[in-house]
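Chain by chain, the residues run as shown.
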Amino acid sequence: MITILQTKMHSFYHNFLLVYILRNMLLGIFFAILANIPSVQSFGEEYYSREQAIKLFLADADSVIHQRLILSEAILAEIKKEAPAWSDRLYEMYVGYKDLQPAQYLVIDNAIGKTLPYTYALVVGKDFKIKQIEVMAYRESHGGEIRNLPFRKQFYGKGPTDALRLNQDIANIGGATLSCRTLVDGVRHHVKILKIVSTLIPTLNPPAKTAVPMPPPASGQGKKAAIGKVRQRGEIELVRRSTVLMDTLFEIQVAHDSASSPKEIITAAIEDVIARIEEIENNISTWQQGSPASRFNSWPANIQFDGGEDLWNLISLSKNIWRQTEGSFDIATAPLSQDWRLGEKKGQVPTEKRLTHLRSQSTMSDVIIGVKPFVKKLDAGLKIDFGGIAKGFALDQARDILQKVGIQNFLMNFGGQISAAGNQPGLNQGWLVFINDPRKNLASSHYHFYSDEHVAKIFLKNQSLSVSADDQRGRNISGKLYSHIISPRDGKALNDKKMVAVIHDNAVEADAFSTGVFAMPWYAAVNFGSKNPLAVMMIGAENTQFASHNWKAVDAIDKKSTVDKKRTEINHARI
């Protein structure tokens, strides 16, 4: 009797427990749907890539510019009054422009949850009040409730003058306190910093319209007779487009004759250019999972790999330039670059032992070029990165698309790599390009505004220019700046140059050679620039200067010459 009773009681409690658990699960799912959030927090999940964040969160902008600011001591001192813990000299953001004025600012940053970092995006308007906060990636199993919209909406409308204190201005989430606190602290600092550094952000220049003068009447003929024999020409204007590609700003200007060249053809060609660059990015991007380049990086050794035509062409070009530069340009240094990026986050320079180990897996001698489209690697740990050549390759592809439909006068700027064809309106020497002086730590590497702080001005015509410099892209590790360019010889970040500029007929060679020359010892770089058919200009760490004999500059490394500032409002390219 007792045994039967115990069995029934056990069965009752068992069923009751199942019903209770099921009820709680259903309630949890219901409230999760109600709050428009996932019912289960995923571990290590990425919700938005950087490219998606830019396109989604700055969707209303006419154009977007990636700003990397080197902060002066005065600006840094002003920031520390508002955010005492801030010490970085480099500040990075994306600026969305509307009607040529900065209208929105996007900051992407990392903060620590309990033990792992998460990534978030902050968007503020031109009044520096918060418009949007999104968690782009969360990497822990607990604390992900900061993604909930009700929590994030507490920030909206707040600005630099608001206290933004956890448990006072922003309600905490139980079980997610650490993540809540670090997000609140990070957002509070950024809204204050953005207001301070916004004074360094330029406005854009409007597109120019330059009237083309009619030719004079023929001898002995009146004006009416002359016009009858000469085809009328319309107004020359610049068709402009800018967008973010390969995680950097791509800008194109096409000189357009409104009477003889339908604007629709130009617009369609520009769209074809953007589509082609996106296709290249999808094929050779090493940060996109599943791309041919990513699959090659994880491919086993000594097995043929078919990555398609773009990958084969780029690897072949890279190996050829690797030979020409005697190993100074090497796309197989990806593990070294990754370790330096990790060192920047940790605040530690990679050890000699670590660099020696990585160099054993980092050489193009272990990449074998087969019959198109096959390639293979001899070391499974070898990984490639096209950061020093991809934009140049894309520019040459874009140039071919434009010229195939008869577009002859254009300038493209792809994150400091320029390709120019034909003439700028009002000029017949090509396109006038200014190169910023890397020693001046200018607020922006972009070219929408005029500054006297140029180290050279040149005319580009059917040529490409690539500039590798550390004034905008250096890594800050424990308060010391290191180059973003790694020496393939010893794995160390270089520090003997401030800038290398290269002019070549093709953008892919200009891009790769500027990186390769930067990675050479100074004496070898001078020798290479003197003996090869390309134009090279360099500025060393100690302000040593070199310009090869075929450097076609109007006033390379000459600060005494003047420029007609009235004309700079047109479209001078600045990098």
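Residues numbered from 1 in each chain as written. Predicted model: local features only at pLDDT ≥ 70, side-chain atom pairs only at ≥ 80, totals over all residues. Heavy atoms only, no water.

**Things to note about the overall build of the protein**
Now for step 1: Looking only at helices and strands, the protein has 14 helices and 23 strands in total.
Now for step 2: Taken over 575 residues, the protein has a buried fraction of 50%.
Now for step 3: The contacts of the protein with a sequence gap of at least 6 include a subset with a gap of at least 24, amounting to 66%.
Now for step 4: Accessible surface for the protein amounts to roughly 27,500 Å². Of this, 53% is attributable to carbon and sulfur atoms. (Helix = DSSP H or I, 4+ residues; strand = E, 2+ residues; numbered from the N terminus. Buried < 20%, exposed > 50% of the residue type's maximum accessible area, 1.4 Å probe, protein only. Contact = heavy atoms within 4.5 Å. Areas by Shrake-Rupley, 256 points an atom, 1.4 Å probe, with all protein chains shown as cover.)

**Considerations on the pairing of strand β6 (residues 130–138)**
Now for step 1: The buried fraction of β6 amounts to seven of the nine residues, a majority that puts the element mostly inside the structure.
Now for step 2: Counting the residues between successive antiparallel strands, the hairpin from strand β5 (residues 117–125) to β6 contains four residues, one of them, Phe 128, with a positive phi of roughly 65°. (Pairing = 2+ DSSP bridges.)

**Topic: the packing of helix α7 (residues 263–284) against helix α12 (residues 390–404)**
Now for step 1: Direction vectors running N to C along α7 and α12 enclose 150°, while the axes themselves pass 9 Å from each other. The hand of the α7/α12 crossing is right-handed. In this structure, α7 contributes Ala 269, Asp 272, Val 273, Arg 276, Ile 277, Ile 280 and Ile 284 to the contact, and α12 contributes Ala 390, Phe 393, Ala 394, Gln 397, Ala 398, Ile 401 and Leu 402.
Now for step 2: For the contact of α7 with α12, the per-class residue count stands at eleven nonpolar, one polar and two charged. (Axes fitted to C-alpha atoms, helices over the stretch in contact; angles between N-to-C directions. Left-handed = near helix turned anticlockwise from the far one by under 90°. Nonpolar A, V, L, I, M, F, W, Y, C, P; charged D, E, K, R; others polar.)

**What to know about helix α14 (residues 522–531)**
Now for step 1: Buried residues of α14: Ala 525, Phe 528 and Gly 529, and no others. Buried positions in α14, seen along its axis, are confined to an arc of 95° and lie on one side of it. Away from the buried face of α14 by more than 90 degrees, exposed residues Tyr 523 and Lys 531 are located.
Now for step 2: Looking at the buried residues of α14, the elements they touch are α9 (309–324), β20 (497–504), α13 (507–519), β21 (535–540) and β22 (545–547). (Arc of directions from axis to C-beta.)

**With respect to the packing of aromatic side chains**
Now for step 1: On inspection of all chains with the given rule, the structure shows nine aromatic pairs.
Now for step 2: Consider the rings of Phe 250 and Phe 414, whose centres lie 5.3 Å apart with planes at 80°: the pair is edge-to-face. Taken as a pair, Phe 250 in strand β9 (residues 248–257) and Phe 414 in strand β13 (residues 410–414) lie far apart in primary sequence, 164 residues in all.
Now for step 3: Through successive ring pairs, a cluster of aromatic residues spans Tyr 118, Tyr 120 and Tyr 138.
Now for step 4: The ring of Tyr 47 carries the charged tip of Arg 147 above its face, separated from the ring centre by 3.6 Å.
Now for step 5: Between the NZ or CZ atom of Lys 377 and the centre of the ring of Phe 296, over which it lies, the distance is 5.3 Å. (Phe/Tyr/Trp six-rings, centres within 6.5 Å; stacked < 30°, edge-to-face > 60°. Lys NZ or Arg CZ within 6 Å of the ring centre and 35° of its normal.)

**Things to note about the sheet that holds strand β10 (residues 305–306)**
Now for step 1: Sheet architecture is open: three strands sit in the order β10-β12-β11, paired in antiparallel fashion. In this open sheet, the two edge strands, each paired with only one partner strand, are β10 and β11 (367–369).
Now for step 2: In this structure, β11 lies alongside strand β12 (residues 374–377), joined through three bridges in antiparallel fashion. Across the sheet, the residue bridging to Ile 368 is Lys 376, located in β12.
Now for step 3: Sheet strands touched by α9: β10, β11 and β12. Its angle to β11, the strand with the most contacts, is close to 115°.

**So, the environment of Ala 171**
Now for step 1: With respect to the helices and strands, Ala 171 occurs in the loop between α4 (149–152) and α5 (177–197).
Now for step 2: For Ala 171, a relative accessible area of 42% gives the class partly exposed.
Now for step 3: For Ala 171 and Gln 154, which are 17 residues apart along the polypeptide, the C-alpha to C-alpha distance reads 7.9 Å.

**Focus: the side chain of Thr 515**
Now for step 1: Among the structural elements, Thr 515 can be located in helix α13.
Now for step 2: Non-local contacts of Thr 515, meaning those with residues more than four positions away in its chain, are made with Phe 329, Gly 388, Ser 468 and Ile 485.

**Things to note about unusual backbone geometry**
Now for step 1: The amide bond that connects Lys 372 to the next residue, Pro 373, takes the cis arrangement and shows omega of 10°.
Now for step 2: Take Pro 373: it is sitting in the loop between β11 and β12.
Now for step 3: Positioned with a positive phi, Leu 100 is a non-glycine residue whose angle comes to about 70°.
Now for step 4: Within the fold, Leu 100 resides in the loop between β3 (90–98) and β4 (101–112).
Now for step 5: A positive phi is found at Asn 302, a non-glycine position, where the angle reads about 65°.
Now for step 6: The topology assignment puts Asn 302 in the loop between α8 (292–297) and β10.

**Notes on the nonpolar core**
Now for step 1: Counting residues in hydrophobic clusters, the biggest one holds 63 residues, and the most contacted among them are Phe 250, Leu 311, Ile 315 and Phe 386.
Now for step 2: In this structure, Ile 315 is in contact with Ile 331, Met 364, Val 367, Ile 369, Val 375, Ile 384 and Phe 386, ignoring residues within four places of it in sequence.
Now for step 3: If you look at the next biggest cluster of nonpolar residues, it comprises 45 residues, including Trp 86, Met 93, Ile 170 and Val 187. (Core = buried A, V, L, I, M, F, W, Y, C linked by side-chain atoms within 4.5 Å.)

**Digging into the confidence of the model for the protein**
Now for step 1: The predicted model of the protein averages 77 in pLDDT, with 75% of residues at 70 or higher.
Now for step 2: Model confidence for the protein, summarised as mean pLDDT per element, is weakest for helix α6 (residues 223–229) at 32 and strongest for α12 at 96.
Now for step 3: Scored below 50 in pLDDT, residues 441–452 makes 48 contacts in the model with residues more than four places away or belonging to other chains.
Now for step 4: Considering only residues more than four positions removed or in separate chains, one finds that residues 554–572, a stretch of pLDDT under 50, has 55 contacts. (pLDDT = per-residue confidence, 0-100.)

**Points about the pattern of salt bridges**
Now for step 1: A complete count under the given rule lists ten salt bridges for this structure.
Now for step 2: Between Glu 271 and Arg 241 there is a salt bridge whose closest N-O contact spans 2.3 Å. On the criterion of sequence distance, the pair formed by Glu 271 in helix α7 and Arg 241 in strand β8 (residues 236–245) is long-range, its members being 30 residues apart.
Now for step 3: The exposure class of Glu 271 is partly exposed, given its relative accessible area of 37%.
Now for step 4: Exposure remark for Arg 241: the relative accessible area of 30% places this residue in the partly exposed category.
Now for step 5: Across the pair Asp 310 and Arg 276 runs a salt bridge whose closest N-O atoms are separated by 2.8 Å. (Salt bridge = Lys/Arg side-chain N within 4 Å of Asp/Glu carboxyl O.)

**Some points on the side chain of Ser 63**
Now for step 1: Its place among the elements puts Ser 63 in strand β2 (residues 63–70).
Now for step 2: Beyond its immediate sequence surroundings of up to four residues, Ser 63 is in contact with Val 95, Gly 96, Tyr 97, Leu 204 and Ser 242.

**Focus on the packing of α9 against α13**
Now for step 1: Packing of α9 against α13 brings their axes to within 11 Å, and their N-to-C directions diverge by 50°. The orientation of α9 with respect to α13, classified from their angle, is oblique. In this structure, α9 crosses over α13, and the sense of that crossing is right-handed. In this structure, α9 contributes Leu 317, Ile 321 and Gln 324 to the contact, and α13 contributes Val 508, Glu 509, Ala 512 and Phe 513.
Now for step 2: Here the residues of the contact of α9 with α13 sort into five nonpolar, one polar and one charged. (Parallel < 35°, antiparallel > 145°, perpendicular 65-115°, else oblique.)

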